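Remarks on the overall topology
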Amino acid sequence: MEVTEKKAVKSIAIIGNPNVGKSSIFNQLTGLHQKIGNYPGMTVDKMLGYFNIGDKSFELIDLPGTYSLYPKSEDEIIAHKVLNGIGLEKPDAVMVVLDACNLERSLLLGTQVMDLGIPMAFVVNMKDLAEKRGLSIQTFALYQELGVPLVMTDARNNHGLEAVRDLLSNDDFAVGKTFCECGFAELLEEVRLKFGFETPYQAFQQLVFAEFDPMLDPEMKNWLEERSQIHDFDSQVQQARETNQRYEHIKSILLKTQSSGSGKPKKLHAALDGIFMHPVWGYVTFLAIMLLIFQAIFAWAEAPMDLIDGAFAALSGWVAETLPPGVLTDLLSEGIITGIGGVVIFIPQIALLFGFLAFLEDTGYFSRVVFLMDRLMRPFGLHGKSIVPLISGMACAIPGIMATRNISNTKERLITILVTPWMSCSARLPVYIILIGLTVPDEAWLGVNLQALALLVMYLIGTLFTLLGAFALKFVLKSKERSFLMTELPIYRMPRWQTVLLTMFNKSKIFVLEAGKVILAISIVLWVLASYGPSGEMEAIEAEQEAMLETVLEEQRYELNNEFASKKLEASYIGILGKAIEPAIRPLGYDWKIGIALLTSFAAREVFVATVATIYSVGGDVEDELTIREKLEKQVHPDTGEKVFTRATGFSLMVFYALAMQCMSTVAVVYRETKSWKWPVLQTIGMTIVAYLGALLTYQIWS
Amino acid sequence: MTAAGLKINQIYEIERITTSPLMVRMMEMGVMPGKSISLLQKAPFKGPMAFLIEGNILALRIEEAELIQIKVA
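Reading guide: rules and limits
- Residues numbered from 1 in each chain as written.
- Chains lettered and ligands numbered in written order.
- Predicted model: local features only at pLDDT ≥ 70, side-chain atom pairs only at ≥ 80, totals over all residues.
- Heavy atoms only, no water.
- Helix = DSSP H or I, 4+ residues; strand = E, 2+ residues; numbered from the N terminus.
- Buried < 20%, exposed > 50% of the residue type's maximum accessible area, 1.4 Å probe, protein only.
- Contact = heavy atoms within 4.5 Å.
- Lys, Arg positive; Asp, Glu negative; His and termini not counted.
- Charge placed at Lys NZ, Arg CZ, Asp CG, Glu CD.
- Patch = residues over 30% accessible without salt bridge, like charges linked within 9 Å, V, L, I, M, F, W, Y side chains within 5 Å.
- Areas by Shrake-Rupley, 256 points an atom, 1.4 Å probe, with all protein chains shown as cover.
- Salt bridge = Lys/Arg side-chain N within 4 Å of Asp/Glu carboxyl O.
- pLDDT = per-residue confidence, 0-100.
- Pairing = 2+ DSSP bridges.
- Axes fitted to C-alpha atoms, helices over the stretch in contact; angles between N-to-C directions.
- Buried area = accessible area lost by both parts, 1.4 Å probe.
- Core = buried A, V, L, I, M, F, W, Y, C linked by side-chain atoms within 4.5 Å.

What chain A contains, in helices and strands, is 32 helices and 12 strands. Based on the C-alpha atoms only, the size of chain A along its principal axes is roughly 95 × 65 × 50 Å. Considering chain A as a whole, with its 703 residues, one finds that 53% of them fall into the buried category. Put simply, of all contacts in chain A between residues at least 6 apart along the chain, 74% involve residues at least 24 apart. Computed over 60 positive and 76 negative side-chain charges, the inter-centroid distance for chain A is 8 Å.

Encoded structure:
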């Protein structure tokens, strides 16, 4: 967009209670023209959408769903800062979405916005439901009472959106009447002048939010606290008083403008809750649904993932062959393209998981799961809402960690983020399969296949450490925040496919754009370390390879190349590092070759298989697990003549991969979600230490 | 009596909310004196309780339910 055009864009904020259909309206108006940005110093995403009506351009800011403008979480702090233009650009107008079935409650937020003195309009959504419940609203009377334009919609069914577009294009926004007098005239006037606000209520907000805004100048914070003390302004007491006052006033208005129906949800919903929230059937249904999702992610993600894998391998091969050989071509084909491929490969899993989650959330089922699981999660320092990230972690930790967003308690969210990578994700499978194939006999014991049993044990180890880790972190992390559960259980509705698809698209985009940068950077570093060595050595090996290739027969070249690939890796910086860490990993039963694989597979666990194949000069098709297994089986220590992959070493390696971080994509996502390097670094160190000790113990037991 | 002591499908009325940091949060979600309240479901092992409060269903832990003082409607 050009600068001249930008000035003509009107920015409109949209705010409303959770489950009020705010995102429906946002999606209907903006479609795919959405952008996700950041609020400085905050973890909540900034959702922006763009659209035109006639020749007018609009920018829509989707503020987080909230019940009021009182400080509780980042959501409210962001609403406060945007609507008052504190450190952020103030929008030209606000649309407050009200719930037609819950006008009283949604007007609490609505009238708070009125008192901020910003041009606004009400969008009364879900009129279809209100009609079904026999509620009727006299819109004109309500408009007269509030003095703010009012539009009725049923956004799910795309009704009334024309009226919203008219409202926008005619710029019918109006500043509401002052709805609530807050008292403390003298104090509020002082604050108002100090910050250059327009209305006393803005000053009231600033007093209430002062201690919660991390970006507020400490000097200002002190000044506000001092003034509050002088005037005996207790923010808790004042919030309660204000809420009561508003509700009184709202009730008196609604008596005149709304005729009440039953207001109760229908029998069908109660019957559904009778199953979904049942002490027995509730859990059975939940387990069945999760199993189905898990199954689907495994089954449906595999084909596109193979396709992506193949496509990037082909592209990398094509670049290597087509471009003139040299450092740049190598960097492009082996570093950059492989790196990008390593990011893109996760998209099917992320998109599918978020598709399912959006579906479940949109139908209203999700909050029932929170209700069911809360009691089970609490002893481990987790919240009912932690269950979704943890279960997602069994497919892939990345979407799981991205799904921790709706856990409002900071400590519970952080614990969930920190332990989710211990759930056994699908990238561990190739490692387990190779190692189990090497070390566990393919025999039945009491009718159970031992290899399958071993795999199950690995999954159980992951789950056990996730819960133990959470339990330990509960005592380590300190928090003043009180943990509570106060979740609305919305009525069941049919999912909106548009919302589901948009969520899939947006979540994949966030991952690729934000985590992708970090992953790409680490891939390139790893590539450089694996391709270069101290000067001279690499060249010497290459010269030797050239010379040897001249002398041998055509059919022997393949094996010779494999041999030299292994030699080169050994001479590279990463090979030197692998040898350097050998004393440290000896007690775990690993030689320096496995050490190299540990280092390279920090990019992603499945890289272990490829590296092991190269370093033991297995070569050939990495996908061919049988060849790798057969060759690894024959490996012996050159000095002792013992087998390299004994049972003890194999088990020790499996335990290491179960417990170590070994996934830079997860590191990148944890960084994105916590907005600091502190947690991903501590997490990686902690997990590596636990993995080391676990592997050490395993090796000592089995050897 | 508090909402934590409700039996399934008894209909009571909210009398007041005990003063606590959660009071404002409850009020803004529509938990207000004068509203009718009934218990719909209880999660096992003293887990959360789901209340119907004037047409809206709200899940609360027992600790939160204990803050809601109720009386016979």
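Next comes the rest of the account.
On to a negative patch on the surface, then. Taken together, the side chains of D330, E334, E539, E542, E546 and E550 of chain A present a region of like negative charge at the surface. On the secondary structure map, D330 of chain A appears in helix α14 (residues 327-344).

As a further point, take the confidence of the model for chain A. The predicted model of chain A averages 86 in pLDDT, with 96% of residues at 70 or higher. Every residue in residues 1-6 of chain A is under pLDDT 50, and counting partners more than four places away or in other chains gives one contact.

This part covers the sheet that holds strand β4 (residues 56-60) of chain B. Spatially, the six strands line up as an open sheet ordered β12(A)-β4(B)-β3(B)-β2(B)-β1(B)-β5(B), and their pairing is antiparallel. The open sheet has two edge strands, β12 (486-489) of chain A together with β5 (68-72) of chain B, and neither has a second partner. Each strand axis lies, on average, 40° off the axis of its neighbour in the sheet, ignoring direction. Note: strand β3 (residues 49-53) of chain B against β4 of chain B, five bridges, orientation antiparallel.

Listed per partner, the contact involves 32 residues of chain B and 39 residues of chain A. For the chain B and chain A pair, buried surface summed over both sides reaches about 3300 Å², with 59% attributable to carbon and sulfur atoms. Looking only at chain B, the three residues that lose the most surface to chain A are E28, M29 and R61 of chain B, adding up to 22% of its buried area. At the junction of chain B and chain A, the tally comes to five salt bridges. Across the pair K35 of chain B and E104 of chain A runs a salt bridge whose closest N-O atoms are separated by 2.8 Å. If you list the elements that add at least two residues to the side of chain B that touches chain A, you get α1 (23-28), β2 (36-42), β3, β4 and α2 (62-65) of chain B.

Residues and elements named next belong to chain A. In this structure, M95 and L168 are the most contacted members of the largest nonpolar core, which totals 136 residues. Examining the composition of this core, we find that 10 residues originate from one element, helix α13 (residues 281-322), more than from any other. Ignoring any residue separated from it by four or fewer positions in sequence, one finds L168 in contact with I12, L29, F51, I53, F58, M95 and F173.

Okay, unusual backbone geometry next. One non-glycine residue with positive phi stands out, namely Q662 of chain A, at about 40°. The residue Q662 of chain A is located in the loop between α30 (647-659) and α31 (664-674) in this model. In this structure, K46 of chain B is a non-glycine residue whose phi angle is positive, near 55°. Turning to its location among the elements, K46 of chain B is positioned in the loop between β2 and β3. A relative accessible area of 69% means that K46 of chain B is categorised as exposed.

Below, the discussion takes up the pairing of strand β1 (residues 11-17) of chain B. All names here are of chain B. As judged from the three bridges shared by β1 and β2, these two strands associate in the antiparallel manner. Its bridge partner lying in β2, Y12 is registered against I37. As paired strands, β1 and β5 are joined by five bridges and run antiparallel to one another. Bridging across to β5, I14 finds its partner in I70.

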